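So you can see what is in the structure, the chains are spelled out below.
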Amino acid sequence: STLLKGVSIEKDQTDTYELTIEFKETYSEQNYNQGKEFNGLIQINGYKPQQSLNEWIIANYPIIEEEPDFTKGFPNAGTSDEDITKGSGLYEAEDEYGTSYIFRGVVENNYVHFANQDWRIVRVNGDGTVRLILNDTIGKHAFNDYIDSYTEPNYDKVGFTYEGEACLINNPCEVTYDKETQTFTNQNGGTNSSIKTALEEWYKTNLNDYDEQIAYGLFCNDISFGYGRDDIAVNYDGDHELVYGLTNRLKQPSLICPNQLDGEGQPRTYGGLYKTKIGLITVDELNIGGLSHSSDESIWFYNRNNYLYLNANYWTITPWESFYSGGNVSSSSALIGSGASYQRDVIPVINIKTDNLTYSGSGIEGDPINIE
């Protein structure tokens, strides 16, 4: 019979229990029992909680210590068929919260099914949440439709928001979400880019019922000062342009968002670091993940084996340079610049909580990690 149910003993905790055995029959004397032995077995059935998803990922995927060659993208050893999978796996990289673990290369077992959608794992964040990218596009959209004029510079139109308070590394701009009213609110007072509005409308329709499982994550819309040029330079056409911090990191990407200052050390009123429920992937994540900015068409071809190649020219959240129509980066099998008003595919990125998360599956395409 079961003596105790539902008793939880924490690690390093000691509990003492007293077991009393009584005879059902009543005897006037107990001499009958003297010298007798009583044998019994007490079985303790322990319950081992399911390993959290972030811990499971780190424990079940090889962590590769060799630093990739970011000038080539993936594969970094060559472009022959036998080199395609070399170096694929999980890499350590520091982010704003600590040590992150990010996938790179030909990854075939990071499929996730969540909220009736198919996703791929990008990385385990330093705070233990897991970043997912949708394994499909939600359609084409401009990064920003709101271009004031094509005769005056539109620097701020590369911002995820603009005309708001500065979104700095030590004070990211929070975008809060109310599940009951399905309302996103910019706490910095900024105006939405059109792509931010599109992402949030998709969230309301597709993820509202799963909101409690989705974490507020950091998204770096990096508009920091770029590669040692004057903050406002003159390009070969004679047009004014701004060059952003991405240019400093093409060969050495980072998951830590730079401080969002211009060439004179002043904060800008657009772009920066956001803390919100839904965003886009960064160029740094794509670069660490194995896609590269390269004119080598053979590298473009083999990059199509990369898990981040989604047969779509899709937006990142990272600006490259800005002039009349703005200039953000999009990705197909390589990283290229696109005017902010161009129509490109939109692929959402979210971060899920891993505490008290129930899941099953091996992560391959036919048996994805199914999050309940």
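For the structure itself, consult the block above.
Residues numbered from 1 in each chain as written. Predicted model: local features only at pLDDT ≥ 70, side-chain atom pairs only at ≥ 80, totals over all residues. Heavy atoms only, no water.

## What to know about helix 1 (residues 53–60)
For the α-helix, the turn length of 3.6 residues means that residues three or four positions removed from each other point alike. So the rule is basically this: Under the scheme applied here, a residue whose accessible area is under 20% of the maximum for its type counts as buried, over 50% as exposed, and between as partly exposed, the area being computed with a 1.4 Å probe on protein chains only. By the criteria applied, helices consist of DSSP H or I runs no shorter than four residues and strands consist of E runs no shorter than two, each listed in order from the N terminus. The arc refers to the directions leading from the helix axis to the C-beta atoms.
Within helix 1, burial applies to Leu-53, Asn-54, Trp-56 and Ile-57. Projected onto a plane normal to the axis of helix 1, the buried residues spread over an arc of 160 degrees and lie on a single side.

## Thoughts on the pattern of salt bridges
What counts is decided by this rule: Think of a salt bridge as a Lys or Arg side-chain nitrogen and an Asp or Glu carboxyl oxygen that are within 4 Å of each other.
Under the defined criterion, the tally for this structure stands at ten salt bridges. Of the charged contacts, one joins Arg-123 and Glu-285 as a salt bridge, the two residues approaching to 2.9 Å between their closest N and O atoms. Of this pair, Arg-123 sits in strand 4 (residues 117–124) while Glu-285 sits in helix 3 (residues 283–289), and the two are 162 residues apart along the sequence. Residue Glu-285 is classed as buried on the basis of its relative accessible area, which comes to 1%. Notably, a salt bridge pairs Arg-249 with Asp-222, separated by 2.8 Å at the nearest N-O pair. You can see Arg-249 sitting in the loop between strand 14 (240–243) and strand 15 (272–276) and its partner Asp-222 sitting in the loop between strand 12 (217–221) and strand 13 (233–234), a full 27 residues away along the chain. Grouping residues by exposure puts Arg-249 and Asp-222 together as buried.

## With respect to the environment of Gly-217
This is how it is decided: Any pair of residues with heavy atoms lying within 4.5 Å of one another is described as a contacting pair.
With respect to the helices and strands, the residue Gly-217 is situated in strand 12. Residue class for Gly-217 comes out buried when judged on its relative accessible area of 6%. With 87 residues separating them in the primary sequence, Gly-217 and Val-130 have C-alpha atoms 9.6 Å apart. Residue contacts for Gly-217: discarding those within four places in its chain leaves Tyr-274, Lys-275, Thr-276 and Asn-351.

## Some thoughts on the packing of aromatic side chains
Spelled out, the test is: A pair of Phe, Tyr and Trp rings is counted when the ring centres sit within 6.5 Å of each other, with Trp represented by its six-membered ring. The angle between the planes then sorts it: under 30 degrees is stacked, over 60 is edge-to-face, the rest tilted. Lysine NZ or arginine CZ positioned within 6 Å of the ring centre and within 35 degrees of the ring normal marks a charge as sitting over the ring.
According to the stated counting rule, one finds eleven aromatic pairs in the structure shown. Both rings, one in Phe-103 and one in Tyr-307, keep their centres 6.5 Å apart while their planes meet at 75 degrees; by these two values the pair is edge-to-face. Of this pair, Phe-103 sits in strand 2 (residues 98–104) while Tyr-307 is found in the loop between helix 4 (297–303) and strand 16 (314–319), placing the two residues 204 residues apart along the sequence. Accessibility classification places Phe-103 together with Tyr-307 in one group, the buried group. For the pair Phe-160 and Tyr-274, a centre-to-centre distance of 5.4 Å together with 75 degrees between the ring planes defines the contact as edge-to-face. Taken as a pair, Phe-160 in the loop between strand 6 (140–142) and strand 7 (161–162) and Tyr-274 in strand 15 lie far apart in primary sequence, 114 residues in all. Each residue in the set Trp-56, Tyr-61, Phe-103, Tyr-307 and Tyr-359 is aromatic and connected to the rest through ring pairs, giving one cluster. Over the face of the ring belonging to Tyr-162 we find Lys-157, whose NZ or CZ atom lies 4.8 Å from the ring centre.

## Looking at unusual backbone geometry
Of note, the phi angle at Ala-115 is positive, near 55 degrees, even though the residue is not glycine. With respect to the element layout, Ala-115 can be found in the loop between strand 3 (111–114) and strand 4. The class for Ala-115 is buried, based on a relative accessible area of 6%. Residues other than glycine seldom take positive phi values, yet Gln-182 does so here, at roughly 50 degrees.

## Observations regarding the nonpolar core
Worth spelling out the cut-off: Here the nonpolar core consists of buried residues drawn from Ala, Val, Leu, Ile, Met, Phe, Trp, Tyr and Cys, with membership extended through side-chain atoms lying within 4.5 Å.
Formed by 61 residues in total, the largest nonpolar core has its most connected members in Leu-53 and Ile-57. Leaving out residues up to four positions away in the same chain, Ile-57 has contacts with Leu-90, Phe-103, Ile-121, Val-124 and Val-130. Membership of the second largest hydrophobic core comes to seven residues, among which are Tyr-155, Ile-223, Tyr-244 and Tyr-270.

## Description of the sheet that holds strand 9 (residues 183–186)
Where we set the bar: At least two bridges found by DSSP between two strands are what make those strands a pair. Axes here refer to lines fitted to C-alpha atoms; in helices the fit is confined to the stretch in contact. Angles between the N-to-C directions go from 0 to 180 degrees.
If you walk across this open sheet you meet the four strands as 9-8-15-12, and the pairing is mixed. Because the sheet does not close on itself, it has two edges, and the strands there are strand 9 and strand 12. When the angles between neighbouring strand axes are averaged without regard to direction, this sheet yields 25 degrees. Here strand 12 runs beside strand 15; their pairing, made up of five bridges, is antiparallel. In the strand pairing of strand 15, Asn-221 is matched with Gly-272.

## Considerations on the state of the cysteines
Note the following rule: The disulfide criterion is simple: two cysteine sulfur atoms within 2.5 Å.
What the rule picks out here adds up to two disulfides. Here Cys-167 engages in a disulfide with Cys-173; their sulfurs sit 2.0 Å apart. Here Cys-167 and Cys-173 share a disulfide; its torsion about the S-S bond, -95 degrees, makes the bridge left-handed. For the residue pair Cys-167 and Cys-173, the accessibility class agrees, reading buried in each case.

## Concerning the pairing of strand 3
Where strand 3 and strand 4 come together, four bridges link them in antiparallel fashion. Bridged to His-113 within strand 4 is Asp-118. Connecting strand 3 to the antiparallel partner strand 4 that follows it, the hairpin turn spans two residues, and Ala-115 within it adopts a positive phi of roughly 55 degrees. Bridge analysis of strand 3 against strand 23 (residues 369–371) gives two bridges, and the strand direction is parallel. Residue pairing across strands places Val-112 opposite Ile-369, the latter belonging to strand 23.

## With respect to helix 2 (residues 194–206)
For the record, the criterion: To estimate the expected span of a helix, subtract one from its residue number and multiply by 1.5 Å.
Relative to the 18 Å expected for 13 residues at 1.5 Å per residue, helix 2 spans 18 Å between its end C-alpha atoms, a close match to the ideal helical length. Residues Ser-194, Ile-195, Lys-196, Ala-198, Leu-199, Glu-200, Trp-202 and Tyr-203 constitute the buried set of helix 2.

Bear in mind that shape data such as this cannot, by itself, settle questions of function.
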